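Analysis of the macromolecular model
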Amino acid sequence: MGIREVREIGDDILTKQCKDVSKMTLRTKILIGDMLDTMYEKCGVGLAAPQVGVLKKIVVIDVGEGPAVLINPEIIETYGEQTGEEGCLSVPGKWGIVTRPAKVKVRALNQDMEPFEMEGEGLLARAICHEIDHLRGELYVDKTEDGLHDTAYEEYDEEAGGEETEE
């Protein structure tokens, strides 16, 4: 498979509605493989097809429990709420505080175009909501509660006696 270019904020494709996937084709299978490879290469926990320039309702997610592929996903139930930091491969170097459901139930198709339901809590619920927003042309930056912040990287500073420093 291959690594695809991740479209960044300002690219019009990120504001467009995606189309349903009606059948599994070789081209779609390759896209899903490339999306997984790209997500892992970029150290993301989720990726939606429009982020790699394809207006199809396909999402891949892996929050450390193994990859999930959701085709034509729709959230059918939500419970509670959680507020926390959120970032996006399409908005590099930034993060913001966003409130999302604490738990979600989603209905989708798998890679064999078979329907299934999946529940997610915590980070998985956040990732599902975030990626499904992409399929509607929505970015988390419009949902932040206190705007965008720069990502600060901590570096190990040997000259300061081994203390961690923020730049």
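Structure's up top.
Now for a quick tour of the structure.

How each quantity is defined
Residues numbered from 1 in each chain as written. Predicted model: local features only at pLDDT ≥ 70, side-chain atom pairs only at ≥ 80, totals over all residues. Heavy atoms only, no water. Helix = DSSP H or I, 4+ residues; strand = E, 2+ residues; numbered from the N terminus. Buried < 20%, exposed > 50% of the residue type's maximum accessible area, 1.4 Å probe, protein only. Contact = heavy atoms within 4.5 Å. Polar contact = N/O pair within 3.5 Å; in protein donor to acceptor, adjacent residues only side chain to side chain. Pairing = 2+ DSSP bridges.

1. Remarks on the side chain of Lys105
For Lys105, the location among the structural elements is in strand β6 (residues 103-109). Residue Lys105 is classed as buried on the basis of its relative accessible area of 17%. Not counting the four nearest positions on each side in its chain, Lys105 is found in contact with Glu74, Ile75, Ile76, Glu77, Glu117, Met118 and Glu119.

2. Points about unusual backbone geometry
Even without a glycine there, the phi angle at Cys43 is positive, about 60°. Take Cys43: it is sitting in the loop between α1 (26-41) and β1 (46-48). Unusually for a residue other than glycine, Met113 sits at a positive phi of about 65°. Here Met113 shows up in the loop between β6 and β7 (115-121).

3. Considering the side chain of Ser90
Among the secondary structure elements, Ser90 is positioned in the loop between β4 (82-86) and β5 (94-100). Only 2.7 Å separates the side chain of Ser90 from the backbone oxygen of Arg7, close enough to count as a polar contact. Not counting chain neighbours up to four residues away, the residues in contact with Ser90 comprise Val6, Arg7, Glu8, Ile9, Leu14 and Gln51.

4. Structural notes on the environment of Pro101
Among the structural elements, Pro101 can be located in the loop between β5 and β6. The spacing of Pro101 and Glu86 is 15 residues in sequence and 13 Å in space, taken between C-alpha atoms. Each residue touching Pro101, except ones within four places of it in the same chain, is listed here: Thr78, Tyr79, Gly80, Glu81, Gln82, Ala125 and Cys129.

5. Looking at the sheet that holds β5
As summarised here, the arrangement of the three strands in space is β4-β5-β8, forming an open sheet in which the pairing is antiparallel. Each end of this open sheet is capped by a strand with a single partner; those strands are β4 and β8 (149-150). Both β5 and β8 contribute to a ladder of two bridges, which runs antiparallel. Looking across to β8, one finds that Trp95 is bridged to His149.

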